[in-house]
Amino acid sequence: MQKVIATFLLWFILTQTFGQTQRKVSTYLLTQYNKTLYERTKGNNPWGVGLGLQIFFNHQTKFKPTIELTGDIYLEDDKVLRLNPDGTVPANYNDVREMVNLFVGTSFNPTKNIYLSFAAGPSFISGQTMLGIKPSFGFYFSKSQKWTGKISYINIFNRDKTTKADFGSLSLAVGLKLF
């Protein structure tokens, strides 16, 4: 049900945005690498790669609303079963195979080539929906803003249900402006 609500909300925002001609939109296709910083089963998912789409709603102010949809897969696994603290076998083996994030937030552009952003929203990991945050430092490689680079910190709250441990990663992304 939460996936349906999140999809409907994104659809509604995008249709309203593209239906209004006075607003300019910048959309970037991102490729990213995520390095797991901390997690209870870090050995089962030390790094991941993925694609994303980031939309900036351009305004005359230094603050711009942003939406980011990313999908990552975690390919490496040390094949070690990590038990719950009470000795039971976890239902989904507590590893991260894929992660999809739908984050909404704002970016602050102190200069034309640098931006800071903060976004939050649902994160879908192994069939579970959790809350995540993503503060980022971004920059453009040229004045035309055709290419962007971004360094982000991602924190997913209460990823492990038994210990309430968070999942944290460092993300490095490069993006190409689509329109």
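Residues numbered from 1 in each chain as written. Predicted model: local features only at pLDDT ≥ 70, side-chain atom pairs only at ≥ 80, totals over all residues. Heavy atoms only, no water.

Here the focus is the confidence of the model for the protein chain. Averaged over every residue, the pLDDT of the protein chain is 84; residues scoring 70 or more account for 77%. Helix α1 (residues 2–19) is the least confidently modelled element of the protein chain, averaging 58 in pLDDT, while strand β5 (residues 114–125) averages 96, the highest of any element. (pLDDT = per-residue confidence, 0-100. Helix = DSSP H or I, 4+ residues; strand = E, 2+ residues; numbered from the N terminus.)

This part is about the packing of aromatic side chains. Taken as a whole, this structure holds 9 aromatic pairs when the rule is applied. Relative to Y115, the ring of F56 has its centre 5.3 Å away and its plane inclined at 75°; by these criteria the two rings are edge-to-face. Here Y115 lies in strand β5 and F56 lies in strand β2 (residues 47–58), a separation of 59 residues in the sequence. Across the pair, Y115 and F56 agree in class, each one buried. Pairing Y115 with Y140 gives two aromatic rings, centres 5.3 Å apart and planes at 45°, and the pair type is tilted. Residue Y115 is found in strand β5, and its partner Y140 is found in strand β6 (residues 128–140); the two are separated by 25 residues along the sequence. Exposure remark for Y140: the relative accessible area of 8% places this residue in the buried category. (Phe/Tyr/Trp six-rings, centres within 6.5 Å; stacked < 30°, edge-to-face > 60°. Buried < 20%, exposed > 50% of the residue type's maximum accessible area, 1.4 Å probe, protein only.)

This brings us to the pattern of salt bridges. Summed over all chains, the structure comprises 3 salt bridges. The shortest N-O distance in the salt bridge between E39 and R159 comes to 2.4 Å. Within this pair, whereas E39 is found in the loop between β1 (24–38) and β2, its partner R159 is found in strand β7 (residues 147–160), the two being separated by 120 residues in sequence. Note on E39: relative accessible area 11%, which makes it buried. Ionic pairing is found between E68 and K150, a salt bridge with its closest N-O pair at 2.9 Å. Of this pair, E68 sits in strand β3 (residues 63–73) while K150 sits in strand β7; the two residues are 82 residues apart in sequence, bridging distant segments of the chain. Taking relative accessible area as the criterion, E68 reaches 3% and is therefore assigned buried. Overall, the relative accessible area of 3% leaves K150 in the buried class. (Salt bridge = Lys/Arg side-chain N within 4 Å of Asp/Glu carboxyl O.)

Here we take up the sheet that holds strand β4 (residues 98–111). Strand order around the closed barrel formed by 8 strands is β1-β2-β3-β4-β5-β6-β7-β8, with antiparallel pairing between neighbours. Taken over all neighbouring pairs, the strand axes of this sheet differ in orientation by 25° on average, direction set aside. As paired strands, β1 and strand β8 (residues 165–177) are joined by 10 bridges and run antiparallel to one another. In the sheet register, Q32 faces β8, and the bridge partner there is A173. (Pairing = 2+ DSSP bridges. Axes fitted to C-alpha atoms, helices over the stretch in contact; angles between N-to-C directions.)

The next thing to look at is a nonpolar patch on the surface. Residues Y33, L37, Y38, I114, L116, F137, I151, Y153, L170 and L172 make up a contiguous nonpolar surface patch of roughly 780 Å² in combined accessible area. Only β1, β5, β7 and β8 provide two or more residues apiece to the nonpolar patch. For the nonpolar patch, the element with the most residues is β1, which contributes 3 residues. As for its position among the elements, F137 is in strand β6. On the basis of relative accessible area, F137 is assigned to the partly exposed category, the value being 34%. (Patch = residues over 30% accessible without salt bridge, like charges linked within 9 Å, V, L, I, M, F, W, Y side chains within 5 Å. Areas by Shrake-Rupley, 256 points an atom, 1.4 Å probe, with all protein chains shown as cover.)

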